[in-house]
Amino acid sequence: MIKSIWDNRGLALRLAKNDIKNKFAGSYLGIVWAFIQPIVTVFVYWMIFEVGFKSGDSSNYPFILYLICGIVPWFYFAEALAGGTNCLVEYSYLVKKVVFNIDILPLVKVISALFTHIFFLCLAIIILVCYGYIPGVCIVQLPYYMICNIVLLLGLIHFTSAITVFFKDIYQFVNIFVIQLGVWVTPIMWDAAARLADHRVLSVIFKLNPVYYIVDGFRDSLLYQKWVWEGKGLWTLYFWAITLIILFSGMRFFSKTKPHFADVL
């Protein structure tokens, strides 16, 4: 399956471009809406936590910088997972075509969300510079953490998209219990290092969430200027172990159930 996806990467890229165009077809602002919603979300969180609750700085950095460095990879994860979970239902007309390789459909959603992700990553860097925090050489780690996000997403989407074909409620489950709840379980709006300093067990439990590793990595690269091997050796091994298990389990499940997709859809 991995070889098949790689061989059809060009087709996946073309479908991803069309996916972005079709998503906002017929609206006056078009693709601009893809950027407005996350910007408004960041503004609302900033108003609530820094202006409303007077949360102050996090890890000796302005809260807005701590927030945006963590929420950029989360936006990508949430958008790709939500879209990917429903990709087989959305592209049911392609699934029913015998000659079309449906293995690439999860990748289409991952690439489609990547365009918006890169825009917000650039915006985050601009905001950092405006605040006087110029990213250092550790910024070269960002492609590594983006790959971490992509591999994790491919595993999850192959699994959730295959289940959604048979149980449509999975799409709602993912949106409510994974995306809406996950944004709070993952330390994005709060400083885990400070809040859990005296709770080692809780700290370990939160680190079992693989998205936390990615979010923390973005902050290390953009804000803290820390390399991936600085104090994260065991955490990195755990992340790749659980991520590869999810990837190959998801692809295996997708492959096993694939012959029944066209009949059910």
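Residues numbered from 1 in each chain as written. Predicted model: local features only at pLDDT ≥ 70, side-chain atom pairs only at ≥ 80, totals over all residues. Heavy atoms only, no water.

Visitor: Give me a nonpolar patch on the surface: which residues, what numbers.
Guide: A surface patch of nonpolar side chains, about 410 Å² in accessible area, is lined by V40, F43, V44, M47 and I48. The residue V44 is located in helix α3 (residues 33-52) in this model. (Patch = residues over 30% accessible without salt bridge, like charges linked within 9 Å, V, L, I, M, F, W, Y side chains within 5 Å. Areas by Shrake-Rupley, 256 points an atom, 1.4 Å probe, with all protein chains shown as cover. Salt bridge = Lys/Arg side-chain N within 4 Å of Asp/Glu carboxyl O. Helix = DSSP H or I, 4+ residues; strand = E, 2+ residues; numbered from the N terminus.)

Visitor: Explain unusual backbone geometry residue by residue, including any values.
Guide: What you tend to see is this: most non-glycine residues have negative phi, and most peptide bonds are trans. Of note in the backbone geometry, Q225 takes a positive phi value of approximately 60° without being a glycine. In this structure, Q225 sits in the loop between α12 (210-224) and α13 (233-257). In this structure Q225 comes out as partly exposed when scored by relative accessible area, which is 29%. (Buried < 20%, exposed > 50% of the residue type's maximum accessible area, 1.4 Å probe, protein only.)

Visitor: A description of the side chain of T160 should follow, citing residues and the corresponding values.
Guide: Within the secondary structure layout, T160 lies in helix α8 (residues 142-166). In this view, T160 contacts L81, T85, I170 and V174; residues no more than four positions away in its chain are not counted. (Contact = heavy atoms within 4.5 Å.)

Visitor: Help me get a handle on the packing of α8 against α12, residues and values and all.
Guide: One can describe the packing of α8 onto α12 by two numbers: an axis separation of 9 Å at closest approach and a directional angle of 165°. On the basis of their axis angle, the class for α8 and α12 is roughly antiparallel. For the element pair α8 and α12, the recorded crossing hand is left-handed. Together, L142, Y144, Y145, M146, C148, N149 and L152 of α8 and P210, V211, Y213, I214, G217, F218, S221 and L222 of α12 make up the contact between the two elements. (Axes fitted to C-alpha atoms, helices over the stretch in contact; angles between N-to-C directions. Parallel < 35°, antiparallel > 145°, perpendicular 65-115°, else oblique. Left-handed = near helix turned anticlockwise from the far one by under 90°.)

Visitor: Outline the environment of V42, listing residues and values.
Guide: Considering the arrangement of structural elements, one finds V42 in helix α3. What makes V42 buried here is its relative accessible area of 11%. Through-space distance from the C-alpha of V42 to that of L67 is 7.9 Å; in sequence the pair is 25 residues apart. Non-local contacts of V42, meaning those with residues more than four positions away in its chain, are made with I64, L67, I71 and F75.

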